[in-house]
Amino acid sequence: MNPTEIADALEEIAARPFDGGEFPFAFAAAMGSPQATVSKLRSGTINKSKVPGAVLMNRKFYAMVTEPGAVDQGLSMIRSDKKTTTHKPAILLATDGVDLSAEHVASGDSLHIKFADLHHHFGFFLPAAGMSRYKAAEENEVDVKAAGRLAKLYDALLKKNPDWKTPERRHDLNQLMTRLIFCMFAEDVGIFDNNLFSRLIFTHAGDKGEEAQSCIASAFAAMNLPKGQRQNLPAWADAFPYVNGGLFADTLDVPKFDRGAYRYLQDACQLDWQEINPDIFGSMIQSVADPDKRSELGMHYTSVPNILKVLGPLFLDDLDEQIEKAGDSRKAQARVLKRIEGIRVFDPACGSGNFLVVAYRELRAREMRVLERLAQLDGGASAQMFSGVRLANFYGIEITDFAAETAKLALFIAEYQANARFGEMFGNTAPALPLRDGGNIVCDNALRLDWEGVCPPPGENEEVFIAGNPPFVGFNSRTPAQSEDMRFLLADRLKSFERLDLVICWFIKAADYIRGRAGAGALVSTNSIAQGVTVNILWPEVLREGIRIHFAHRPFMWSNNAAKNAAVSCVVVGISSSRTGQSIIFDGELRKDANNINGYLLDAPDVTVAQKGRPIFPLPKMDVGSIARDEGNLIFSETERNQLVSEHPEAAPFIRRYMGAREVAQGLVRYCLWAETNELDDVRRFPPLAKRLDAVAKFRSESDAQVTRDAAAVPHRFGQITGKGVPKKSAILMPRTSSSRRPYLPVELVGSDVVASADCQIIFDPPDWCFAILASKLQWCWVSTVSGRMKNDFRYSSTLCWHVFPIPRFTEDQLEALNASARAILKTRYMHHPKTIAQLYDPDDMPDDLREVHRQNDELLETMYIGRPFRNDTERLERLFKLYAARIEKLKKEEAPKRMVKSNG
DNA sequence: GATCCGACACGAG
DNA sequence: CTCGTGTCGGATC
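Residues numbered from 1 in each chain as written. Chains lettered and ligands numbered in written order. Predicted model: local features only at pLDDT ≥ 70, side-chain atom pairs only at ≥ 80, totals over all residues. Heavy atoms only, no water.

Help me out: how do you make sense of the overall build of chain A in this one?
Each helix and strand counted, chain A has 33 helices and 25 strands in total. Overall, the C-alpha framework of chain A stretches about 95 × 75 × 55 Å when taken along its three principal axes. Of all 905 residues assigned to chain A, the portion counted as buried reaches 54%. Contacts in chain A between residues at least 24 apart in sequence constitute 70% of all its contacts with a sequence separation of at least 6. Total accessible area on chain A stands at roughly 39,600 Å², and carbon and sulfur atoms take up 50% of it. Across chain A, the 111 positively charged side chains and the 116 negatively charged ones have centroids separated by 5 Å. (Helix = DSSP H or I, 4+ residues; strand = E, 2+ residues; numbered from the N terminus. Buried < 20%, exposed > 50% of the residue type's maximum accessible area, 1.4 Å probe, protein only. Contact = heavy atoms within 4.5 Å. Areas by Shrake-Rupley, 256 points an atom, 1.4 Å probe, with all protein chains shown as cover. Lys, Arg positive; Asp, Glu negative; His and termini not counted. Charge placed at Lys NZ, Arg CZ, Asp CG, Glu CD.)

How should the protein's contact with DNA strand B be read in this particular structure?
Around DNA strand B, a shell composed of 26 residues is seen, among which Arg629, Arg662, Ser739, Met790 and Asp793 lie nearest. If you look at DNA strand B and keep only atoms within 4 Å of the protein, 65% of those are sugar or phosphate atoms. With respect to DNA strand B, the side chain of arginine 629 contributes an N or O atom lying 2.6 Å from a base nitrogen. Among the secondary structure elements, those contributing two or more residues to the surface near DNA strand B are helix H23 (661-666), strand E20 (737-738) and strand E25 (793-795). Among the elements that take part in the surface near DNA strand B, H23 stands out by supplying 4 residues, more than any other. Here the surface near DNA strand B is built from residues that sort into 6 nonpolar, 7 polar and 13 charged. (Near = heavy atom within 4 Å. Polar contact = N/O pair within 3.5 Å; in protein donor to acceptor, adjacent residues only side chain to side chain. Nonpolar A, V, L, I, M, F, W, Y, C, P; charged D, E, K, R; others polar.)

Which parts of the structure should I look at to understand the packing of helix H9 (residues 167-189) against helix H11 (residues 212-223)?
Geometry of a packed helix pair, given as the angle between the helix axes and the separation of the axes. Closest axis-to-axis distance for the H9/H11 pair is 12 Å, and the angle between their directions is 75 degrees. On the basis of the axis angle, H9 is roughly perpendicular to H11. Two secondary-structure elements touch here, H9 through Leu176, Arg179, Leu180 and Cys183 and H11 through Ile216, Phe220 and Met223. Residues belonging to the contact of H9 with H11 are distributed by class as follows: 6 nonpolar, no polar and 1 charged. (Axes fitted to C-alpha atoms, helices over the stretch in contact; angles between N-to-C directions. Parallel < 35°, antiparallel > 145°, perpendicular 65-115°, else oblique.)

Help me out: how do you make sense of the pattern of salt bridges in this one?
For side chains bearing opposite charge, pairing can occur when the charged atoms are close. Under the counting rule described, the total for this entry stands at 44 salt bridges. Close ionic contact of arginine 42 with glutamate 22 constitutes a salt bridge, the shortest N to O distance being 2.9 Å. Here arginine 42 is found in helix H3 (residues 35-43), whereas its partner glutamate 22 is found in the loop between helix H1 (3-15) and helix H2 (23-30), with 20 residues between them in sequence. Taking the shortest distance from any N to any O, the salt bridge between arginine 544 and glutamate 545 comes out at 2.5 Å. (Salt bridge = Lys/Arg side-chain N within 4 Å of Asp/Glu carboxyl O.)

What is the right way to look at the sheet that holds strand E19 (residues 730-735) in this model?
Backbone-to-backbone hydrogen bonds pair the strands of a sheet. The strands run either parallel or antiparallel. The 4 strands lie next to each other as E15-E23-E19-E21, forming an open sheet whose pairing is antiparallel. The strands lining the two open edges of the sheet, one partner per strand, are strand E15 (623-624) and strand E21 (748-751). Note that E15 and strand E23 (residues 760-764) share 2 bridges and pair antiparallel. Within the sheet, the bridge partner assigned to valine 624 lies in E23 and is glutamine 761. (Pairing = 2+ DSSP bridges.)

Would you explain the protein's contact with DNA strand C in this entry?
Of all residues adjacent to DNA strand C, which total 22 residues, the nearest are Arg499, Val533, Lys791, Arg795 and Thr799. The contact atoms of DNA strand C, taken as those within 4 Å of the protein, divide so that sugar and phosphate hold 31%. With respect to DNA strand C, the backbone of valine 533 contributes an N or O atom lying 3.2 Å from a phosphate oxygen. Split by residue class, the surface near DNA strand C holds 6 nonpolar, 9 polar and 7 charged.

I keep staring at the UniProt feature "domain: MmeI-like target recognition" (unreviewed entry) in chain A and nothing clicks. Help me out?
The UniProt entry lists residues 604-809 under the feature "domain: MmeI-like target recognition" (unreviewed entry), expressed in the numbering used here. For residues 604-809, the end-to-end C-alpha separation is 25 Å, with 31% helix and 19% strand making up the annotated structure. (UniProt positions renumbered as here; feature names shortened; annotations may be inferred.)

Could you clarify how one ought to interpret the nonpolar core in this entry?
What tends to happen in soluble globular proteins is that the nonpolar side chains get buried as a cluster. Phe346, Trp451, Trp539, Val542 and Ile575 are the most contacted members of the largest nonpolar core, which totals 111 residues. Considering each element in turn, this core owes the most residues, 9 residues, to helix H20 (residues 504-514). Apart from residues no more than four positions distant in its own chain, phenylalanine 346 is found in contact with Tyr395, Gly396, Ile397, Trp451, Val454, Cys455, Val464, Phe465, Ile466, Ala467 and Tyr513. The next biggest cluster of nonpolar side chains, apart from the first, holds 107 residues, and it includes Ala186, Ala212, Val370 and Ala410. (Core = buried A, V, L, I, M, F, W, Y, C linked by side-chain atoms within 4.5 Å.)

Is there a simple way to think about the pairing of strand E6 (residues 343-347) in this case?
Successive residues of a regular strand alternate their side chains across the two faces of the sheet. Among the 5 residues in E6, 5 count as buried, and that is most of the element. Residues of E6 alternate between two faces, with Ile343, Val345 and Asp347 on one and Arg344 and Phe346 on the opposite face, all of them buried. Sheet topology note: the E6/strand E9 (residues 463-468) ladder contains 4 bridges and is parallel. Looking across to E9, one finds that phenylalanine 346 is bridged to isoleucine 466. When E6 meets strand E7 (residues 394-398), the two strands line up parallel, connected through 3 bridges. The residue bridging phenylalanine 346 from the neighbouring strand is tyrosine 395, located in E7.

Where do I start with the sheet that holds strand E2 (residues 61-65) in this structure?
Ordered in space as E1-E2-E3-E4-E5, the 5 strands form an open sheet in which the pairing is mixed. Strands at the two margins of the open sheet, each flanked by one partner only, are strand E1 (54-57) and strand E5 (110-114). Averaged over all pairs of adjacent strands, the angle between strand axes in this sheet comes to 10 degrees, irrespective of strand direction. As paired elements, E1 and E2 share 4 bridges and run antiparallel to each other. Paired with valine 55 across the strands is alanine 63, a residue of E2. Sheet contacts for helix H4 (residues 71-80): E2, strand E3 (91-95), strand E4 (99-104) and E5; angle to E3, the most-contacted strand, approximately 150 degrees.

What exactly am I supposed to notice about the environment of alanine 15 here?
Following the sequence through the fold, alanine 15 ends up in helix H1. Classification of alanine 15 as exposed rests on a relative accessible area of 67%. In sequence terms alanine 15 and glycine 388 are 373 residues apart; their C-alpha atoms lie 47 Å from each other.

So what exactly am I meant to see when it comes to the pairing of E21 here?
Judged by which residues are buried, E21 turns out to be one-sided: Glu748 and Val750 face inward and are buried, whereas Leu749 and Gly751, on the alternate face, are not. Strand direction decides the pairing type here: E19 and E21, joined by 4 bridges, are antiparallel. Bridged to alanine 731 within E21 is valine 750.

What exactly am I supposed to notice about unusual backbone geometry here?
With the exception of glycine, the majority of residues adopt a negative phi angle, and the majority of peptide bonds are in the trans configuration. Cis geometry marks the peptide bond from histidine 833 to proline 834; its omega dihedral reads 5 degrees. Within the secondary structure layout, proline 834 lies in the loop between helix H30 (812-831) and helix H31 (837-840). Of note in the backbone geometry, lysine 88 takes a positive phi value of approximately 45 degrees without being a glycine. Looking at the secondary structure, you find lysine 88 in the loop between helix H5 (82-87) and E3. Overall, the relative accessible area of 48% leaves lysine 88 in the partly exposed class. Notably, asparagine 461 is not glycine yet its phi reads approximately 60 degrees, a positive angle. A residue is classified by how much of its surface remains accessible, and asparagine 461, at 62% relative accessible area, is exposed.

Looking at this model, I keep getting lost on the domain arrangement of chain A. Mind explaining?
One frequently used descriptor of interface size is the decrease in accessible area upon assembly of the parts. By domain assignment, chain A separates into domain 1 (3-133), domain 2 (142-276), domain 3 (277-469), domain 4 (470-608), domain 5 (612-624 + 730-905) and domain 6 (628-717). The gap between the C-alpha centroids of domain 2 and domain 6 is 64 Å. (Domains from an automatic or database assignment.)

What should I look at first to understand the side chain of glutamate 367 in this one?
Looking at the element boundaries, glutamate 367 is found in helix H16 (residues 354-378). With residues up to four places along the chain from it excluded, the contact list for glutamate 367 reads Leu337, Ile340, Ser387, Gly388 and Val389.

What exactly am I supposed to notice about the packing of aromatic side chains here?
Between two aromatic rings, the relevant description is the distance of the centres plus the angle of the planes. Under the defined criterion, the tally for this structure stands at 27 aromatic pairs. Measuring from centroid to centroid gives 6.3 Å for tyrosine 600 and phenylalanine 881, while their planes differ by 55 degrees, and the two rings are tilted. Of this pair, tyrosine 600 sits in the loop between strand E14 (590-594) and E15 while phenylalanine 881 sits in helix H33 (residues 873-904); the two residues are 281 residues apart in sequence, bridging distant segments of the chain. Taken together, a centroid distance of 6.2 Å and an interplanar angle of 80 degrees make the contact between tryptophan 782 and phenylalanine 805 edge-to-face. A residue pair is termed long-range when its members are at least 10 positions apart, and tryptophan 782 in helix H28 (residues 777-786) and phenylalanine 805 in the loop between helix H29 (798-802) and H30 qualify at 23 residues. The exposure class assigned to tryptophan 782 is buried, which follows from its relative accessible area of 0%. (Phe/Tyr/Trp six-rings, centres within 6.5 Å; stacked < 30°, edge-to-face > 60°.)

I'm lost on the side chain of aspartate 188 in this one. Help?
Mapped onto the elements of the fold, aspartate 188 is located in helix H9. The buried charged residue aspartate 188 lacks any salt bridge partner; its closest oppositely charged side chain belongs to arginine 149, at an N-O distance of 10.0 Å. Within the local environment of aspartate 188, its side chain forms a polar contact with the backbone nitrogen of tryptophan 273, the two atoms lying 2.8 Å apart.

Right under this line is the structure:
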């Protein structure tokens, strides 16, 4: 069951006469319980409640039918029932058939409604169906329902007209859908006479819709012809006004309707389309044309607050300031008006147009404010009939046809709604019909297209603002076509880009568009563009020849009203070709003026850190741990290992401790098989091990990767071994992924009997002072700035975090002092045995003595940099980046002569 | 729903 | 060849 089906089922219950004995079971069925489950519920076998008239379904809901007027008592009764604690229903609900009260147990939110309105609140009940709450559904009932009904109509039409499934016909079908939506909207808001469209279609199409095809075709044809030119159309079609405006410009085939499709069309017409939100609705009906995404129901739409994170600092805030400053000056206000009329907004990944819709709406709102102010200033003398904000100033590129069509429609609807408000305010408004020119939405691949062909460069008194939320696609999930697009765009420009996110292409293209002319752009992106290796590759290419980052939102968790938010950390980056204007960094609720915003989205010079496979300071090399590539077969839990060793004590030498990030941070214990290349037969002697080796060989031989298939021949060895794989005496382990909440990185020192997994970086047989550096605040600061991230957590990498970590030249004495400091930290940790690193470094619960020894370590180390401890993290980073930049400069100078020699030789 | 890291293919050097 | 990184995530409490 998806949300719309649940809504429909609840509507049916609400429409039927109330039957108290039946209601809980009907509700269970509406929530998607299969008939068999409902029967068991009815017979009492799985009804956990002992209260008469109440039904409790484990983890789903607890519903009670009460005496008339006793709804709230009923609810508090089941709330306090012990069974509620044991069986954890998601929803509590009590009703007497007139009123209904319900409660969402986890959040405590409650609902008090008339029983007959049950279906209007279906979003609230979704947890009873095992779904999480879907706020979009609660707030935008009409949008969800509309999307659901359109999906059914779409499916029914495709079923009846299989030949329409071809890509060419799909466009026609998509256009048909948007025209139908327009008509349904128009007849509900008064663009058409009340119910004009549905009345005429349902009168003339026959009871079963046998004539729907020709009726709709006639209606559309009429709307595309001025009255008086409709001789060839049936007389009834003359009632339609002339609409035109792109939407109806082309003639269009209409598919055949069968009874089902016809009924779904009727259902859709019955909705009150006046209430739909063009921004959200657009995203929702995108899923209509893509059955795979039906269950998502617009999950990835950008919420209005997130859109405003882009549009606000891009130009709306500036406009507001200008309006504010203009004050009582007629001339200044008129100038603002002029500027608003010259603003063009371009979304190169516009989807169903929600950025454009919001931008349009916001511009209209500001225009209204200015007009209002002007009317006050001159007593209405300058009142104007029409808005100067034209849809033609809104440009979009969208790759999927249905979304592109929807975007055009959404803009029309937004325009209509804005005009209606304009009319309310000023008493006059543009006639809704015929539609004027629409937005310039192009259905094409933005990465292949010359953007200037879509949105011509701004002329005199014009500004273009690029805004949008392009797709984030990591290299693992890219389609071949997307990879091709990246190569097409980037092959000649970037040294390595294959592993970067697709989203960077939009930044490159946006920078190209605005470079050398007045312009600005801002895009939502995954935070990976401001972290890790991407920074040094992407930003030097974007931030050249006058482009700067003029505002940025530091990473925030993606969220919209959808039930299951995409779990991704996002940033917004605004780039501009203008040197003037304050740079601003937004961090959560904070807003901070910046001198310069660099690729890490920090207020710092444009230094970006490049990966280095070897240390560029006097530090030992750090490696990534070894990778088993074994489908788990070379790895043993503690129990498995103990069992093996008790059965085959001679196998013990082949078993070693195996440590990943969890083992380091949380003290888990795992083991792995570890043998030398020539020991395959020695390992095979043990039947349990032989079995595992076979599994490894099988798994590897079926791999897509050549290197892994090759490794099938040595199943007793890890698929990728770093160096010798094991230390002589000791090793420092640094988890590759770790929580960023800890005040220090969870580094650990281990003995020789350990194999590090790829979830750890490892320094083999290190001096102790390395530990002191890795455990320092300075290292933490550096890592928090330059490391890659997973969500918001650190991805430690040797190439960015260690090999390039700036240190001063230490004296022998200083190294000795750091050695001692490292041992002091370790000793303090041991005193808290058996507490794990995760427990010891819990930011809320770090022991005082450990805190103190770390403070001393920091003081010792930092004094070696500048003769005293640093005052704050800003000072730490400044110093580190200065040292880094100087070192890179020096290396370049050393490199240059070498290259000369090479090229001469 | 907050928190915290696993495993591997695949590209880069 | 050897080595390192990313993941509009996922498991787990």
